[in-house]
Amino acid sequence: MGRYLIRRSLFLIMVVVVVSFLTFLIFVKLPAGDPARRAVGRTTTPEQIENARKAFGLDKPLYVQYWRFLRGFIPWPPSQPLEMIAGKPPPPDGPWLDATEPDGPYYSYGNFVPVKEEIARRLPITGTLAIGAAIIWLLLGIPIGILSGVRRRSVADRAAMIFAIVGVSMPIFWLAQLLLYAFWFKLRILPSSGIPIGYEGWGGALRAAAEGRFILPWVSLAYINAAFYARMVRGNLIETMNEDYIRTARAKGLSERRVIYKHGLRGALTPVVTMLGLDVGLLLGGAFITETVFGLPGIGQLAVSAIGTNDFPMVMGVTIIGAFIIAVANLVVDVAYAFLDPRVRYT
Amino acid sequence: MKRTVRVAAVVAVLAIVAAACGGGGGGGGGSETPSQTEDLSGGTLRMAMLADVTAAFDPQKEYYSVTWEYFRCCLLRTLMSYKGVTTDEGGADIFPDLAAAEPTQSADGLTWTFTIKPGLHYAPPKDDTEITAQDFVRAIERTANPKANVGGYSFYYSVIKGFDDFAAGKADSIEGMNVVDDHTLEITTTSPTGDIGYRFAMGTTAPIPPDDPGEAMGVAQGHDRNYGRFLVASGPYMFEGSESMDFSIDPKDQSEAPGYTPGREIILVRNPSWSADTDDLRLAYPDRIEVRIGGDNDDLYNQVAAGTLDFVVDGIVPPDKIRDYQTNPDLQNKINAHPSDAVRYVSFNLAVPPFDDVHVRKAFNWVFDKQGFRQLRGGPTVGAIAGHIFVDTLENNILQTYDPYATANASGDLQKAKDEMAQSKYDKDKDGVCDAPECKDILTITDREDPYPGQANLLIQFLQPLGITLDVKQLERGTMYNKCNDANSHHALCAGPGWGKDYADGVTFGQPLFDSSGLWESCCNYSLLGASSEQLKSWGYSVTSVPSVDDKVAECSALEPGDARFNCWAELDRQLMEDVVPWVPYLFDTNVDILSDNIKHYSFDQFAGLAAFDQLAVPGNTQ
Amino acid sequence: MSRSDTDTDVSETGQPEVAEATDFEAGELSTEAPASIIGRSPWEIFWRHFREDKFAIGGIVIIILMIAMAILAPVFADLSGHKPNQVNLSALDSFGLPSAPTWWPDQKDPTTGEKIKEAPKSYLLGVDKTGRDLFVRIAYGARTSLIVAFGATGIALVIGVLLGLMAGFYRGKIDTVISRTTDVVLALPILLLALGIASACNATAEGCLGGLIKQGLLPVILIIGFFSWPYISRIVRGQVLSIREKEFVEASRSLGASNTRIILREILPNVAAPIIVYTTLIIPSNVLFEAGLSFLGVGVPDTTPSWGGQLASAGTAFTYAPWLMIFPGLALFLTTLAFNLVGDGLRDALDPRKAV
């Protein structure tokens, strides 16, 4: 078990490193034009561009640039974390105009708030959205998949599979808009999109949830994923039920029910757990779009608007921290997987 | 100053009205005229802003009309200031604010003497400090400090003697700022500057209180980059919790005023040091102003309609809301539209072919469908068709009916455009259609928010019969402005900008937009008028000369305010429209606001082009 | 973003199957040899199953319709007289708001009580916020969606098959490297990086890679292709792993065939069928991927009609112009659904044991 965990952890660390390097490439190196000029943005003077160049270390070799970029996210060693402010007017306590010794955390140049702080502030919203939706779709998708798999070709199965294939084909942003149109605009039974300011932290997020502000977002996100899981569980179950050991169990005289629940499900569900791990990445993607359509001030909306305003520090921060969260979630899932399927521990 | 007599009369009337009404009612215009017995003060005004201010309220850096309104209405008093009403009600005129009276002018016209009202104090934590003449010197010195004035408008103060030397570090004080005594200030200029009063009605000249004696910058010492977070107010409001600021400790350890959280909220509370007795210009109705930053434009206006929000500061009212509020009789008194003294335009880069040929530029003006542009923006409510560049108030309405490229229904005239194009060197066969490769794929920069993409499509459509095709790049607004301003970007057309006056004088259009002092890296001469051939070469252009209007701008800037000056700016406007043709102006902007049911009084501040925040009365908003 | 559910299924190729025997009633024996025991090739069997799947056939019909609409888009533009980017101001009301299609149920504006303006009849589906013909734009949007989906899938196919073949066939170090890379790419936060790349390449005037790639369809196709190849390479690798052990491969090798020959002549034809199936299942998720990127504003530019982009601008307009949201969304949904149905049908036909 230990070796397995170490292996998985190393893999995930590698993924985060790759993501950070790709992010660095994408935002600093990929676009044509001068990164310093691009980063500095609106009202620029040549002096400001030059200072941004120094802050980014653009006159230094590539590996130095990458290292400086990375330092902003690594809390240790504690001596001078990199400051990468590149905004039109300088942020509070930002010495980058001098750019002699950089210090201080990343600042978004949209509003001078440290990137880490902004992400931490928005985490409860995205978390509530993701976790709530995940609970719904697991509670919805898996039973539907099992029901379908067990009662193949029945009316229930057909209905469930229609539900599923519609869900898989539905663009999430269209579904969100349709739901908003129907339930908020026409029927007026649910509150308007968005969360008023003042709902801070997890308490605020839960309060908003209690007021029903998350219902439509949850449904949008959950329906589509529930459809995926229903199809997958069903498919896995059917495949598992064809396996030899199921036939053996039946031959042993076990009731069909026992065969399914004790033996069949186990084989059918382990891929689900893997899926969950992979899914966190996609879940984040769906969350981005859901937050944008419903105006929820979460990390997704932050990323989308930061990209829209070319707010480099913010986008880079979200990408890397997002990758980190995904990696951690994957690790948790891997541990769960190892418990479910002992064979894995020894590979 | 010419306006003295009018000013005094209006002030007198105001005082009588105010006395009669006992502090409530009257004052500003707007569609709500409350009964005189109703007390409008009190309550909490809940506003929303889509974007934060641009420089965290640093007065020397903020060149943004929204912040200017916060300064004028609420946070900072200046020597002269405005009343926060429309032009017709005197909103473009300045009145003494911290000055006791209009300044007196020396015989040679170069020295102005201001007397400062005695006994006025700053907001906490400096409530024991009186506002004195030295505090204004401090503000001007900070305006000259290159570390502190980034993004600001220090160029308006070069006219003060010794300002540029101080800014360059060649002197350790500004010769032209002379403190005679605590309540008398002498300002000497290098040339006659009739609009000096206007320049001292702007936030960058607001007094900065002293701290330790000997600290040159007073409370701003050590805060070159972010004094806005430590702002000491002189107006009717201050940031909540300002009293907790402690200027006695090292600047690095000082904590900011808690009332402003960048990117999130602004909370203003009443300044206990301010008294309405000393201030004729501000009504300060709300007890508390809460501003939430961020959100979605349309969603915020929905909240206003629902009454959960009172006002949106910097949004654009969506066309469907405009339609609703204009056509529904119950809502018609909740929508306010006022000309904001701004013009919307498409600018040419005269160093990029084919726009180096005046005939092409004129043809462009002829074919332009201004009505269509306006319709896509929301229809007649959003503004008046612009036939010339300078907004009419800057020319005293001299050119109100002047439209050299007028067409039927302002929709453009293709035939006239073709006739003009046929005279261009880019139309070899003289058929009115440009056949040169320079007319193809012209790099056009525009905003990517509605309605600009739609307008760009329209532009493509009506230019096509002239043989002109566009390569349109849609950019985020700030990036767009930056690219349009950057001479190195080699864009040919800038299709998204607007420009509003800084104060009611034509120099605020003429200088930054068309004079060579507004060229890159300064602001905002996108057409490159007045660029020298060395400059053009250094930016990589093959065109070697462009027209210049520097002489005319200088001529007009030197004139005393009055008819001569108005006429001069009008002449420049004509010259630009008919001979130089750097732009197609298409709209004189109207600022549209919708109000929640809670707002019982509204006044439009002509100076900032926005509603006067302190006059939005919400007496019922008590929670 | 969506994903296909291809990564859990690593099925084997269909076994040669005996054609349907006639049903036997319990307890009844026939003395006749069933006449219908004829050997059929796997392809024929495959087609038979597929033909019977009504949903899959329905999907094919829809796809054909969409392709037809895409091809005929300029024809629609000519017939109606409106080009896809043509602004018609008379179809907007005086406030600049779009007018409804003529057949739209008469609606009163909720606030004013007046009838919503109707567009001229030639606008089958009304106009959008800048006065452009919605139907023509939806037809051109089909082009965008199909070109991007097929293009991206094509790229994913080429890369995925190449890498999958190499990993499965050569095994060892090559396999390790390729498989690790596949794992890492699969683990990347796709949307974040895609957004980043797309905004870098699509949202700036200069483009990216030193100006090599400019705004337009190409960056979108490349990005989506780059993020989809791992699914295919995984499938291919699994297939190749199982096939390479089979006797006919060994036979070929013992005859002295080179590796390349074996790959091309023995292995590739046998993995072709599942490759096709899983590729078809990737297409719908690529359609949605492109639509999602366009929705967020980093996909194709506004002058290239895209269903996702149309939905983005419809989002704020549905209170007064719901047709802007309904029709592009419907087109997107039906196209994706069609591909999913076809993909499901293909997969079920491929392995009848797992079929419904």
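Predicted model, so just to flag it, every value in this text is computed and none were measured. (Residues numbered from 1 in each chain as written. Chains lettered and ligands numbered in written order. Predicted model: local features only at pLDDT ≥ 70, side-chain atom pairs only at ≥ 80, totals over all residues. Heavy atoms only, no water.)

Enquirer: What should I look at first to understand the overall build of chain C in this one?
Expert: When you go through chain C residue by residue, the secondary structure sums to 10 helices and 0 strands. In sequence order, chain C lays out its α and β elements as α-α-α-α-α-α-α-α-α-α. Contacts in chain C between residues far apart in sequence, at least 24 positions, make up 74% of those at least 6 positions apart. (Helix = DSSP H or I, 4+ residues; strand = E, 2+ residues; numbered from the N terminus. Contact = heavy atoms within 4.5 Å.)

Enquirer: Looking at this structure, I do not really get the overall build of chain B. What am I missing?
Expert: Of regular secondary structure, chain B possesses 16 helices and 21 strands. Compactness check: chain B gives a C-alpha radius of gyration of 25 Å against a globular reference of 25 Å for 623 residues, within 12% of the reference. Its C-alpha atoms give chain B principal-axis dimensions of roughly 80 × 60 × 50 Å. Taking all 623 residues of chain B together, the buried fraction comes to 61%. When contacts within chain B are restricted to residue pairs at least 6 apart in sequence, long-range pairs at least 24 apart make up 71% of them. A total of about 21100 Å² of accessible surface is found on chain B, and carbon and sulfur atoms cover 49% of it. Where the 49 positive side-chain charges of chain B centre and where its 91 negative ones centre are 4 Å apart. (Rg over C-alpha atoms; globule rule 2.2 N^0.38 Å. Buried < 20%, exposed > 50% of the residue type's maximum accessible area, 1.4 Å probe, protein only. Areas by Shrake-Rupley, 256 points an atom, 1.4 Å probe, with all protein chains shown as cover. Lys, Arg positive; Asp, Glu negative; His and termini not counted. Charge placed at Lys NZ, Arg CZ, Asp CG, Glu CD.)

Enquirer: Can you walk me through the pattern of salt bridges in this structure?
Expert: All names here are of chain B. Summed over the entire model, instances satisfying the criterion amount to 40 salt bridges over all chains. In this structure, the salt-bridge partner of Arg 46 is Asp 310, at a minimum N-O distance of 3.0 Å. Of this pair, Arg 46 sits in strand E1 (residues 44-49) while Asp 310 sits in the loop between helix H6 (297-306) and strand E12 (311-312), and the two are 264 residues apart along the sequence. Here the two residues Arg 46 and Asp 310 agree in accessibility, since each one is buried. Note that Glu 290 and Arg 288 form a salt bridge whose closest N and O atoms lie 2.9 Å from each other. Its relative accessible area of 18% is what places Glu 290 among the buried residues. For Arg 288, a relative accessible area of 22% corresponds to the partly exposed category. Bridged by salt links that share partners, the residues Glu 240, Glu 265, Arg 288, Glu 290 and Arg 292 form one connected network. (Salt bridge = Lys/Arg side-chain N within 4 Å of Asp/Glu carboxyl O.)

Enquirer: Please clarify how the side chain of His223(B) should be interpreted in this entry.
Expert: Along the chain, the position of His223(B) falls in the loop between helix H5 (196-199) and strand E8 (237-239). Owing to a relative accessible area of 1%, His223(B) belongs among the buried residues under this scheme.

Enquirer: Teacher, can you tell me more about the nonpolar core here?
Expert: Here is a general trend for soluble globular proteins: nonpolar side chains tend to be buried in one another's company. With 349 residues, the main nonpolar core has Met47(B), Tyr70(B), Leu75(B), Ile160(B), Ile266(B), Phe311(B) and Phe364(B) as its most contacted residues. Shared between two domains, this core takes at least three residues from each, and those domains are domain 1 (2-100) and domain 2 (117-340) of chain A. Look past the residues within four positions of Leu75(B) in its chain and what remains in contact with it is Phe57(B), Tyr70(B), Leu231(B), Ala233(B), Ser234(B), Gly235(B), Tyr237(B), Met238(B), Phe239(B) and Leu268(B). Counting residues in hydrophobic clusters, the runner-up holds 20 residues, among them Leu186(C), Ile262(C), Ile267(C) and Ile275(C). (Core = buried A, V, L, I, M, F, W, Y, C linked by side-chain atoms within 4.5 Å. Domains from an automatic or database assignment.)

Enquirer: Got a minute to help me understand the state of the cysteines in this structure?
Expert: Think of a disulfide as a covalent bridge from one cysteine sulfur atom to another cysteine sulfur atom. Residue and element names in this part refer to chain B. Within this structure, the stated rule accounts for 4 disulfides over all chains. Sulfur-sulfur distance for the disulfide between Cys 484 and Cys 494 comes to 1.8 Å. Judged by the sign of its S-S torsion, about 85°, the bond between Cys 484 and Cys 494 is right-handed. Taken as a pair, Cys 484 in helix H12 (residues 477-485) and Cys 494 in strand E17 (residues 493-494) lie far apart in primary sequence, 10 residues in all. Exposure class is identical for Cys 484 and Cys 494. Each is buried. (Disulfide = S-S within 2.5 Å.)

Enquirer: Looking at this model, I keep getting lost on the side chain of Asn88(C). Mind explaining?
Expert: Residue and element names in this part refer to chain C. Along the chain, the position of Asn 88 falls in the loop between helix H2 (54-80) and helix H3 (134-170). A polar contact is formed between the side chain of Asn 88 and the side chain of Ser 90, at a distance of 2.6 Å. Among residues more than four places away in sequence, those in contact with Asn 88 are Tyr 123, Thr 130 and Gly 131. (Polar contact = N/O pair within 3.5 Å; in protein donor to acceptor, adjacent residues only side chain to side chain.)

Enquirer: Help me understand a nonpolar patch on the surface in this model?
Expert: A cluster of nonpolar residues, Leu123(A), Ile131(A), Ile135(A), Leu139(A), Trp202(A) and Ile325(A), forms a patch on the protein surface that exposes about 570 Å² of accessible area. Relative to the elements of secondary structure, Leu123(A) occurs in helix H5 (residues 115-150). (Patch = residues over 30% accessible without salt bridge, like charges linked within 9 Å, V, L, I, M, F, W, Y side chains within 5 Å.)

Enquirer: In this structure, what is going on with the confidence of the model for chain C? I would like to understand it.
Expert: Note: predicted coordinates in regions of low pLDDT should not be interpreted at a detailed level. All names here are of chain C. Across chain C, pLDDT averages 78, with 79% of residues at or above 70. In this model residues 1-28 is a low-confidence stretch, pLDDT under 50, and it forms 63 contacts with partners more than four residues away in sequence or in other chains. For this predicted complex, the interface confidence score (ipTM) comes to 0.80, while the overall pTM stands at 0.81. (pLDDT = per-residue confidence, 0-100.)

Enquirer: How do you make sense of the sheet that holds strand E7 (residues 184-188) of chain B when you look at a structure like this?
Expert: The strands that make up a sheet pair up through hydrogen bonds in the backbone, lying either parallel or antiparallel. All names here are of chain B. One open sheet accounts for 4 strands, arranged E4-E5-E7-E6; its pairing is antiparallel. Each end of this open sheet is capped by a strand with a single partner; those strands are strand E4 (104-105) and strand E6 (177-181). Strand direction decides the pairing type here: E4 and strand E5 (residues 111-115), joined by 2 bridges, are antiparallel. Across the sheet, residue Gln 105 finds its bridge partner in E5, namely Trp 112. The strands that helix H3 (residues 133-144) touches are E6 and E7; relative to E6, the one it contacts most, it runs at about 170°. (Pairing = 2+ DSSP bridges. Axes fitted to C-alpha atoms, helices over the stretch in contact; angles between N-to-C directions.)

Enquirer: Please clarify how the pairing of strand E10 (residues 265-270) of chain B should be interpreted in this entry.
Expert: Within a regular strand, side chains alternate between the sheet's two faces. Residues and elements named next belong to chain B. Alignment of E8 against E10, held across 3 bridges, turns out to be antiparallel. Looking across to E10, one finds that Tyr 237 is bridged to Arg 270. By the bridge criterion, 2 bridges tie strand E9 (residues 260-261) to E10 in an arrangement that is antiparallel. In the sheet register, Thr 261 faces E10, and the bridge partner there is Glu 265. In this antiparallel pair of consecutive strands, E9 and E10, the connection spans 3 residues, and Gly 263 shows a positive phi of 80°. Sheet analysis places E10 next to strand E11 (residues 288-293), joined by 5 bridges and oriented antiparallel. Residue pairing for E11: Val 269 is matched across the bridge by Arg 288.

Enquirer: Hey, could you run me through the environment of Ile135(A) in this one?
Expert: Residues and elements named next belong to chain A. Mapped onto the fold, Ile 135 is located in helix H5. Owing to a relative accessible area of 48%, Ile 135 belongs among the partly exposed residues under this scheme. Remark: the alpha-carbon pair of Ile 135 and Ser 9, spanning 126 residues in sequence, is separated by 26 Å.

Enquirer: What exactly am I supposed to notice about the packing of aromatic side chains here?
Expert: For any two aromatic rings, the description comes down to two numbers: the centre-to-centre distance and the angle of the planes. By the definition in use, this model includes 50 aromatic pairs over all chains. With centroids separated by 5.6 Å and ring planes inclined at 25°, the aromatic side chains of Tyr181(A) and Phe185(A) adopt a geometry described as stacked. Highlighted residues: Tyr181(A) and Phe185(A), both in helix H7 (residues 172-186), separated by 4 residues, approximately one helical turn. As far as burial versus exposure is concerned, Tyr181(A) and Phe185(A) are alike and both buried. Geometrically, the ring pair formed by Phe368(B) and Tyr586(B) is stacked, given 5.8 Å between the ring centres and 20° between the ring planes. Remark: Tyr586(B) occurs in strand E19 (residues 583-594) and Phe368(B) occurs in the loop between helix H8 (358-367) and helix H9 (370-377); sequence separation between them is 218 residues. When its relative accessible area of 1% is taken as the criterion, Phe368(B) is described as buried. Residue classification places Tyr586(B) among the buried residues on the basis of a relative accessible area of 1%. A cation over an aromatic ring shows up here: Arg574(B) above the ring of Tyr402(B), its NZ or CZ 4.7 Å from the ring centre. (Phe/Tyr/Trp six-rings, centres within 6.5 Å; stacked < 30°, edge-to-face > 60°. Lys NZ or Arg CZ within 6 Å of the ring centre and 35° of its normal.)

Enquirer: What should I look at first to understand a positive patch on the surface in this one?
Expert: Taken together, Lys252(A), Arg258(A), Lys262(A) and Arg266(A) make up a surface patch of like positive charges. Assignment of secondary structure puts Arg266(A) in helix H11 (residues 256-294).

Enquirer: Looking at this structure, how should I read the packing of H5(A) against helix H6 (residues 155-169) of chain A?
Expert: When two helices pack together, their arrangement is captured by the angle between the axes and the distance separating the axes. Residue and element names in this part refer to chain A. Packing of H5 against H6 leaves a shortest axis separation of 9 Å and a crossing angle of 140°. Classified by the angle between their axes, H5 and H6 sit oblique to one another. Between H5 and H6 the crossing geometry is left-handed. For the pair formed by H5 and H6, the contact residues are Leu 140, Ile 144, Leu 147 and Ser 148 on the first element and Ala 156, Asp 157, Ala 160, Met 161 and Phe 163 on the second. Split by residue class, the contact of H5 with H6 holds 7 nonpolar, 1 polar and 1 charged. (Parallel < 35°, antiparallel > 145°, perpendicular 65-115°, else oblique. Left-handed = near helix turned anticlockwise from the far one by under 90°. Nonpolar A, V, L, I, M, F, W, Y, C, P; charged D, E, K, R; others polar.)

Enquirer: Where do I start with helix H16 (residues 563-580) of chain B in this structure?
Expert: Because each turn of an α-helix spans 3.6 residues, side chains separated by three or four positions end up pointing in the same direction. Residue and element names in this part refer to chain B. Here H16 is 18 residues long and its end C-alpha atoms lie 24 Å apart, about the 26 Å a rise of 1.5 Å per residue gives. Along H16, the residues that are buried comprise Arg 565, Phe 566, Cys 568, Trp 569, Ala 570, Leu 572, Asp 573, Leu 576, Met 577 and Val 580. For H16, the secondary structure elements touched by its buried residues are H8, helix H13 (507-514), helix H15 (550-558) and E19. Two residues or fewer after H16 comes Val 581, characterised by a positive phi angle close to 50°. (Expected span 1.5 Å × (residues − 1).)

Enquirer: How should I be thinking about unusual backbone geometry in this particular structure?
Expert: What is expected of a backbone is that most residues other than glycine have negative phi and most peptide bonds are trans. Residue and element names in this part refer to chain B. In this structure, Pro 125 follows Pro 124 across a cis peptide bond, with omega equal to 10°. With respect to the helices, strands and loops of the structure, Pro 125 is situated in the loop between E5 and H3. Note that the residue after Pro 353, namely Pro 354, is joined by a cis bond; omega there is 5°. The residue Pro 354 is located in the loop between strand E13 (335-348) and H8 in this model. Its identity is not glycine, yet Lys 430 carries a phi of approximately 60°, on the positive side. Phi is positive for Val 581, close to 50°, though the residue is something other than glycine. Inspection of the secondary structure assignment puts Val 581 in the loop between H16 and E19. In this structure Val 581 comes out as buried when scored by relative accessible area, which is 1%.

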